[in-house]
There are 2 protein chains.
Amino acid sequence: MRITIAGAGAMGSRFGLMLHKGGNEVTLIDGWPEHVKAIKEHGLRANYNGEELTAHLSVELQSEISSKEKTDLIILFTKAMQLDKMLQDIKPLIDEHTKVLCLLNGIGHEDTIEKYVSKNNIFIGNTMWTAGLEGPGKAKLFGDGSVELQNLISGEEETAKKLAEILSESGLNAKYSNNIHYSIYRKACVNGTMNGLCTILDTNMAGLGETKPAHDMVVTIVNEFAAVAKFENVNLDIAEVVQHVETCFDPSTIGLHYPSMYQDLIKNNRLTEIDYINGAVSRKGKKYNVATPYCDFLTQLVHSKEELLKAK
Amino acid sequence: MRITIAGAGAMGSRFGLMLHKGGNEVTLIDGWPEHVKAIKEHGLRANYNGEELTAHLSVELQSEISSKEKTDLIILFTKAMQLDKMLQDIKPLIDEHTKVLCLLNGIGHEDTIEKYVSKNNIFIGNTMWTAGLEGPGKAKLFGDGSVELQNLISGEEETAKKLAEILSESGLNAKYSNNIHYSIYRKACVNGTMNGLCTILDTNMAGLGETKPAHDMVVTIVNEFAAVAKFENVNLDIAEVVQHVETCFDPSTIGLHYPSMYQDLIKNNRLTEIDYINGAVSRKGKKYNVATPYCDFLTQLVHSKEELLKAK
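Residues numbered from 1 in each chain as written. Chains lettered and ligands numbered in written order. Predicted model: local features only at pLDDT ≥ 70, side-chain atom pairs only at ≥ 80, totals over all residues. Heavy atoms only, no water.

So, the interface of chain B and chain A
Point 1. Each partner contributes residues to the interface: chain B has 27 residues there, and chain A has 26 residues.
Point 2. Here chain B and chain A share an interface that buries about 2,200 Å² over both sides, 69% of which is from carbon and sulfur atoms.
Point 3. Considering only the surface of chain B that becomes buried against chain A, L201, Y294 and F297 of chain B emerge as the three largest contributors, covering 28% of it.
Point 4. Sorting the residues of the side of chain B that touches chain A by element identifies helix 6 (180–201), helix 7 (205–210), helix 8 (214–230) and helix 12 (293–308) of chain B as the ones contributing at least two each.
Point 5. The class makeup of the residues in the side of chain B that touches chain A is 14 nonpolar, 6 polar and 7 charged. (Contact = heavy atoms within 4.5 Å. Buried area = accessible area lost by both parts, 1.4 Å probe. Helix = DSSP H or I, 4+ residues; strand = E, 2+ residues; numbered from the N terminus. Nonpolar A, V, L, I, M, F, W, Y, C, P; charged D, E, K, R; others polar.)

This is the structure we're talking about:
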């Protein structure tokens, strides 16, 4: 199958590598010139569960896409704020048969994708795989993961199941979900608490979890996510989601990690995805007339911090 | 007049020094042993508008108060969280004639003072004087300021005016106010925005003011202060207060300063007064059944930061 990975950072590289190893014709597209150049010259290199691999797969710089051949499947893996521009740039690769699977963090990306792709071809999902980049062209891929995905509109269930099969054939452990919005909101609650709070408080997740106010802050934020989700017919089990979120505090599992937003802003001085996590809940809150003050305030604090650190 | 300064940090030192220069019999009481020792040995030294002064005034360690002589006036200048303990420790100095003037930052201190002093002897106020400590026994006192004060219960107006006169005779520029709660809330709005936001965002006031979300955050927080103040018959002019608060952003006046909470927590690793500023609004909000989510969240964030930095 001809598969395009649109956004070949850490996670895009993992999916590209695994789908390539699984026998698909994979093209990576990314906006980072050094990364694209390194892959072109040396292949995509990876420490894959301890084994050093090199995969020679096709790669193109997002701003210089030359291929006009249509692709069967596009997997979107950009940063949230780069999604719209990516869709503009990969337009030449899309025709009426091209399926588009969105695996970005955050909520509400389908609103952006619908501007470029017909709804029957849009599939949304999320993933529990992790990945890291050690530098241009070099990924670090450890551990196990999974994917859940679903068709955006009804009638495309079989195609969604087919896509899950294709991913699973390459070891990506993908499953069809009949309630993907629940999974997406549930995962967004993890990002909507750990990301912003650890970034603003300059701590890892275990450190946050040890502070007395952490639990109440998590509960309040999850309640705000649940309040807007309800208007989209997603009824979060708040107690279960809070418990799920708070497993992140455990220092013996992932608690000592700094969440991706911390890495983006504090470590790498990059703009964050806050507008697509807590900021998205704020916007939905305004739309549905639901108060979301913790999400509002956390979004403002993170944006202020971006400005103070002159993040780009 | 026999005047006791209970809490002789930077501001207490200023008031003590000026009242001493003005001919009063001043005793400083403080809980910091090195500071008390330095004043005992060398007098209270100060850079007073550029002039080096030394004032030999009486000083006692809070935990070892030996004097049993009653005092005419006690001016309270502790950190908010030290107020209750200070009142316990200075009990021997108080009789039915002793007036107690509270000039602490924050709101609601009268609830604590009433446990130890009869209401007719309680006077509350605030001050626009500034002060700094360069080290034990050494103050840095620049610029001008003023004091406003009022009796806590009606019937004591004349005494309040008399107290203002006594302070003014020593150059403290004090005035009787007939609406001190308004002034206290108005000043608390400055502390309730600049202190917590600059502390959490690790910036000075000008830096905060340059960020796009700053204005909306200030407006929301001031609205929460106004909402609880209303239940205490204080009707804040929100637009005026916001404008007043935002003069702090001006780098040509005080914008380049880091607020006191920043100095306490980030610079000196000390616990903050957040419970007596935003935290007090949160408690009042619960009491009056008014939502105060920004004050709740900011209080939680500052407490988390205190724990993360192991502040004492």
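Picking up where we left off.
Brief notes about the UniProt feature "active site" in chain A
All names here are of chain A.
Point 1. In this structure's numbering, the residues bearing the UniProt feature "active site" are K187.
Point 2. Take K187: its relative accessible area is 19%, and that puts it in the buried class.
Point 3. Those residues in contact with K187 that lie beyond four places of it in its chain are N105, N126, T127 and M128. (UniProt positions renumbered as here; feature names shortened; annotations may be inferred. Buried < 20%, exposed > 50% of the residue type's maximum accessible area, 1.4 Å probe, protein only.)

Observations regarding the relation of the copies chain B and chain A
Point 1. Here chain B sits on chain A after a turn of 180° about the axis and a move of 0.0 Å along it, with an RMSD of 0.1 Å. Between the two chains, the operation in question is that of a two-fold axis. Taking C-alpha positions as the reference, the residue of chain B nearest the rotation axis is P293 of chain B, at 3.1 Å. (Least-squares fit on C-alpha atoms with pLDDT ≥ 70 in both.)

With respect to the UniProt feature "binding site: substrate" in chain A
Residue and element names in this part refer to chain A.
Point 1. Those places that UniProt annotates as "binding site: substrate" correspond, in this numbering, to N105, N191, N195 and S260. Across 156 residues of sequence, these annotated residues stay compact in space, with a maximum C-alpha separation of 11.5 Å. Residues from the annotated list that form part of the lining of the second largest cavity: N105 and N191.
Point 2. The topology assignment puts N195 in helix 6 (residues 180–201).
Point 3. Dropping the residues within four chain positions of it, N195 is found in contact with V190, P259, S260, M261 and I277. (1 Å grid on protein atoms, 1.4 Å probe; cavity = no way out; pocket = protein on both sides within 12 Å on 5 of 7 lines; lining within 4 Å.)

Let's talk about the side chain of T71 of chain B
All names here are of chain B.
Point 1. Exposure remark for T71: the relative accessible area of 3% places this residue in the buried category.
Point 2. At 3.1 Å, the side chain of T71 and the backbone oxygen of R2 are in polar contact.
Point 3. Residue contacts for T71: discarding those within four places in its chain leaves R2, I3, T4, L93 and T98. (Polar contact = N/O pair within 3.5 Å; in protein donor to acceptor, adjacent residues only side chain to side chain.)

Focus: the sheet that holds strand 1 (residues 2–6) of chain B
Residues and elements named next belong to chain B.
Point 1. As summarised here, the arrangement of the 8 strands in space is 5-2-1-6-7-8-11-12, forming an open sheet in which the pairing is mixed. Looking along the sheet, the strands with just one partner apiece sit at the ends: strand 5 (58–61) and strand 12 (174–176). Neighbouring strand axes in the sheet, compared pairwise and without regard to direction, differ in orientation by 25° on average.
Point 2. Sheet topology places strand 8 (residues 122–127) next to strand 11 (residues 147–151); 5 bridges connect them, and they run antiparallel. Bridge assignment links G125 to a residue of strand 11, and that residue is L149.
Point 3. Strands in contact with helix 2 (residues 33–42) are strand 2 (25–30) and strand 5; relative to strand 5, the strand with the most contacts, it is inclined by about 155°.
Point 4. Those strands touched by helix 6 are strand 8 and strand 11, and its axis lies near 40° from that of strand 8. (Pairing = 2+ DSSP bridges. Axes fitted to C-alpha atoms, helices over the stretch in contact; angles between N-to-C directions.)

Some words on the pairing of strand 3 (residues 44–48) of chain B
Sheet faces and side chains relate simply in a regular strand, where the side chains alternate between the two faces.
Residues and elements named next belong to chain B.
Point 1. A large share of strand 3 lies buried, amounting to 4 of its 5 residues.
Point 2. Pairing between strand 3 and strand 4 (residues 51–55): 5 bridges, direction antiparallel. Bridging across to strand 4, Y48 finds its partner in E51.
Point 3. Counting the residues that bridge the hairpin from strand 3 to strand 4 gives 2 residues, and of these N49 lies at a positive phi of roughly 55°.
Point 4. By the bridge criterion, 4 bridges tie strand 3 to strand 10 (residues 138–141) in an arrangement that is parallel.

With respect to the packing of helix 6 of chain B against helix 8 of chain B
For any two helices packed against each other, the geometry is given by the interaxial angle and the distance between the axes.
Residues and elements named next belong to chain B.
Point 1. Packing of helix 6 against helix 8 brings their axes to within 10 Å, and their N-to-C directions diverge by 140°. Considered as vectors, helix 6 and helix 8 are oriented oblique to each other. Between helix 6 and helix 8 lies a crossing whose hand is right-handed. Facing helix 6, whose interface residues are Y185, A188, C189, G192, T193, M194, L197 and L201, helix 8 presents M217, V218, I221, V222, F225, V228 and A229. (Parallel < 35°, antiparallel > 145°, perpendicular 65-115°, else oblique. Left-handed = near helix turned anticlockwise from the far one by under 90°.)

Comments concerning the domain arrangement of chain A
Accessible area lost when the parts come together is the quantity often used to give the size of an interface.
Residue and element names in this part refer to chain A.
Point 1. We note that the domain assignment places domain 1 (1–174) and domain 2 (178–307) within chain A.
Point 2. Contact residues are listed per partner, giving 17 residues for domain 1 and 20 residues for domain 2.
Point 3. Summing both sides of the interface, domain 1 and domain 2 together bury roughly 1,700 Å²; the carbon and sulfur share of this comes to 58%.
Point 4. Summed over the three residues of domain 1 that lose the most area to domain 2, namely M81, N105 and I107, the buried surface amounts to 37% of that side.
Point 5. Linking domain 1 to domain 2 there are 1 salt bridge.
Point 6. A salt bridge links D264 to K79, with the nearest nitrogen and oxygen atoms 2.8 Å apart. (Domains from an automatic or database assignment. Salt bridge = Lys/Arg side-chain N within 4 Å of Asp/Glu carboxyl O.)

Quick look at helix 11 (residues 278–288) of chain B
Point 1. Among the 11 residues of helix 11 of chain B, 8 are classified as buried, and the element is accordingly described as predominantly covered.
Point 2. Contact partners of the buried residues in helix 11 of chain B: helix 6, helix 8 and helix 12 of chain B.

Considering the nonpolar core
Point 1. Membership of the largest hydrophobic core comes to 129 residues, with the highest contact counts inside it found for L76, I90 and F225 of chain A together with L76, I90 and F225 of chain B.
Point 2. If near-sequence neighbours (up to four positions away) are discounted, I90 of chain A is found in contact with A6, I29, I65, I74 and L76 of chain A. (Core = buried A, V, L, I, M, F, W, Y, C linked by side-chain atoms within 4.5 Å.)

A few points about helix 11 (residues 278–288) of chain A
All names here are of chain A.
Point 1. When helix 11 is considered as a whole, its buried residues turn out to be N278, G279, A280, V281, S282, K284, G285 and Y288.
Point 2. Turning to helix 11, the residues buried within the fold contact helix 6, helix 8 (214–230) and helix 12 (293–308).
Point 3. Positive phi appears at N289, one or two residues downstream of helix 11, with a value of about 60°.

Thoughts on the environment of W32 of chain B
Residue and element names in this part refer to chain B.
Point 1. Its location among the elements puts W32 in the loop between strand 2 and helix 2.
Point 2. Classification of W32 by relative accessible area gives partly exposed; the value is 34%.
Point 3. A C-alpha to C-alpha distance of 33 Å links W32 and I153, two positions 121 residues apart in sequence.
Point 4. Within polar-contact distance, the side chain of W32 engages the side chain of E34 at 3.0 Å.

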